[in-house]
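Inside the fold
For reference, the chains in residue letters:
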Amino acid sequence: MKKRLLILEDGTVFTGTAFGSDKASQGEVVFTTGMTGYQETLSDPSFYGQIVTLTYPLIGNYGINRDDFESITPAIRGFVVRELADYPSNWRSDMSLDAYLTAQNIPGIEGIDTRKLTRIIREKGAVRAILTEADAEVDVEQVVAQLEKTPFITHHVREVSPKAAYPSPGRGKRVVLLDFGMKHGILRELNKRDCDVLVVPYNTTAEQILALHPDGIMLSNGPGNPEDVSEGIETIKDLIGKVPIFGICLGHQLFSLACGARSFKLPFGHRGGNHPVKDLRTGRTDLTSQNHGYAIDIDSLKDTDLELTHIALNDGTCEGVRHKKYPIFTVQYHPEASPGPEDSNHLFDEFIEMMEKEATKENQYA
C-alpha cells in the first residue's frame, strides 16, 4: 500500500496511506463534523478547491450510491479520513469510496490523526496544504515555501456555476435559480413543490432574469469569499424589490452585501450537520446543515434595510436576515440539508407562500 503525505503550510507533516487517485493535489484544508453523509459532502460544490477532513473516524462503510450526489462532478481537491472502510456494506452501494475517488481523479489519505489536524485548523484557521506521495526526495521546506507563495483561489464560483441556463420543468410557480454552485438538494425541494425552475449561470444579468418573468428568485449556495462575486452582487441589487427572493448560504451573503452589509472570514468555518440555529422571530431552535467559511457582520446590518432573523447558538454569528420593505429572506445554513437534519425544510414552503401572496397583490391591481 502506498504511503502519502499531507504537508501543511506551517510545516506539519502527516504520513498516511494513499487511496483514490495517485495524483498530487493542493488546496485549503478544512474539516466537517458530520457522522454520515460523506457522499453528499464530497459532491458539494461549496467545497471547491478544498481538501476536506472528516472528523468522524470511520468513513466509506456504506459505499457510494446513485442517489446521494449533490452535483455531477465533485469539486474537492482531496479527502482526509482516519479509517477507510475497504468493503462497504449497504444494499444501495454501487462502489467503494476508494473506487469512486479513483474514477474522479481525487486523492485521499487515511490513517492519520484527524483529531490533531482538526485542532490545528481550529487554532490557526483553514490552512493551505499539499497531498503528495511519500518519497525520500520530498523536501518539506521547499513544499512549505511553495505553499506560502500560492495565493488563495478567488474564482471559485466561476468554476462551479453552469455555463448555460437549463430548465427543470414544473406546473407551479416559476423560479429562476441563480446558480453560484448549487447543491441539487435545493433543486429537489423546489421540484417537490412543482416549481417551474430555470437554472441560470452566476453572471446572468437582472435584465435577463426578469425577462424570464419569474414569480420568485432563488439565490443558491456556492464556494469562496462573497466579495469575489461582484457580478452576483450587482445583479441582486437590481433585483431587489422586483420579485420575491430566497437565498441560501452564499446567496444569503451576496444578498446581504448587495444591501450594504459586510462579510468576514470565520476562523475555521461552519461545516457539518449538527449546528443549532435560533429563529429570533419564533424562539424555535433548529439543528442545521452548514458549509461556509464566511459570515455576515451583525453590526453592519444596523445601517441597512435588513432585519436579523436567525443566529448561530455556537458562536452568535448571523444565520439569517429579512428585508424590512420587500418580500425577501435569506439563511446562512442549508434548509434542504443533504446531508443533515431537515428541521428547517419549511422555509421552502414559506418561499412558495411568499410568491403566492405577491401574485395575489398583483391580481388585485391588474
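The structure this text deals with has already been given above.
Described in the following lines is the structure provided in the data block.

Procedures and definitions
Residues numbered from 1 in each chain as written. Predicted model: local features only at pLDDT ≥ 70, side-chain atom pairs only at ≥ 80, totals over all residues. Heavy atoms only, no water. Core = buried A, V, L, I, M, F, W, Y, C linked by side-chain atoms within 4.5 Å. Buried < 20%, exposed > 50% of the residue type's maximum accessible area, 1.4 Å probe, protein only. Helix = DSSP H or I, 4+ residues; strand = E, 2+ residues; numbered from the N terminus. Contact = heavy atoms within 4.5 Å. Arc of directions from axis to C-beta. Polar contact = N/O pair within 3.5 Å; in protein donor to acceptor, adjacent residues only side chain to side chain. Salt bridge = Lys/Arg side-chain N within 4 Å of Asp/Glu carboxyl O. Pairing = 2+ DSSP bridges. Axes fitted to C-alpha atoms, helices over the stretch in contact; angles between N-to-C directions. Phe/Tyr/Trp six-rings, centres within 6.5 Å; stacked < 30°, edge-to-face > 60°.

Observations regarding the nonpolar core
Core analysis: the largest hydrophobic core is formed by 30 residues, its most contacted members being Phe-180, Ile-217, Leu-219, Ile-236, Leu-254 and Phe-255. Going through the elements one at a time, strand E11 (174-179), helix H7 (206-210), strand E13 (216-219), helix H8 (230-239), helix H9 (250-258) and strand E18 (318-323) are the ones with two or more residues in this core. Looking at this core element by element, the count peaks at five residues for H9. Each residue touching Phe-255, except ones within four places of it in the same chain, is listed here: Leu-219, Ile-236, Ile-240, Leu-306, Val-321, His-323, Ile-328 and Thr-330. Ile-186, Leu-187, Met-218 and Cys-249 belong to the second largest nonpolar core, which has 23 residues in total.

Remarks on helix H3 (residues 114-124)
Taken together, the buried positions of H3 are occupied by Thr-114, Leu-117, Thr-118, Ile-120 and Ile-121. End-on view of H3: buried residues confined to an arc of 155°, all on one side of the axis. Pointing more than 90 degrees away from the buried face of H3 are the exposed residues Arg-115 and Glu-123. Taken together, the buried residues of H3 touch strand E1 (3-8), strand E2 (13-20), strand E3 (25-32), strand E4 (50-54), strand E6 (78-81) and strand E15 (263-279). Of the residues flanking the start of H3, the one acting as N-cap is Asp-113, its side-chain oxygen 3.1 Å from the backbone nitrogen of Arg-115. Once H3 ends, the next one or two residues include Gly-125, with phi positive near 85°.

Focus: the pattern of salt bridges
This structure, assessed with the given rule, holds 24 salt bridges. Note that Glu-133 is salt-bridged to Arg-4, the shortest N-O span being 2.6 Å. Placement of Glu-133 in strand E9 (residues 127-133) and of Arg-4 in strand E1 is noted, with a sequence separation of 129 residues between them. Accessibility expressed as a relative area gives 0% for Arg-4, which makes it buried.

Observations regarding the pairing of strand E17 (residues 306-312)
Counted residue by residue, E17 has five buried out of seven residues, so it is predominantly covered. By the bridge criterion, five bridges tie E17 to E18 in an arrangement that is antiparallel. Each bridged residue has a counterpart across the sheet, and for Glu-307 the counterpart in E18 is Arg-322. In this structure, the hairpin formed by E17 and E18 is closed by a connection of five residues, where Gly-316 is found at a positive phi of approximately 75°.

Comments concerning the sheet that holds E18
An order of E10-E12-E11-E13-E14-E19-E18-E17-E15-E16 is seen for the 10 strands of this open sheet, with the pairing classed as mixed. One side of each edge strand has no neighbouring strand; the edge strands of this open sheet are strand E10 (166-168) and strand E16 (285-296). Adjacent strand axes in the sheet meet at a mean angle of 25°, parallel and antiparallel pairs treated alike. Relative to E17, E15 runs antiparallel, the two being bridged by three bridges. Each bridged residue has a counterpart across the sheet, and for Lys-278 the counterpart in E17 is Ile-311.

Digging into the packing of aromatic side chains
Under the definition given, this model contains six aromatic pairs. When the centroid spacing of 5.8 Å and the interplanar angle of 25° are considered together, the rings of Phe-31 and Phe-268 count as stacked. With Phe-31 in strand E3 and Phe-268 in strand E15, this pair connects stretches of sequence that are 237 residues apart. Judged by its relative accessible area of 7%, Phe-31 is buried. Ring geometry for Phe-246 against Phe-348: centres 5.6 Å apart, planes inclined by 75°, an arrangement best described as edge-to-face. Of the two residues, Phe-246 sits in strand E14 (residues 245-248) while Phe-348 sits in helix H10 (residues 346-364), which places them 102 residues apart along the sequence.

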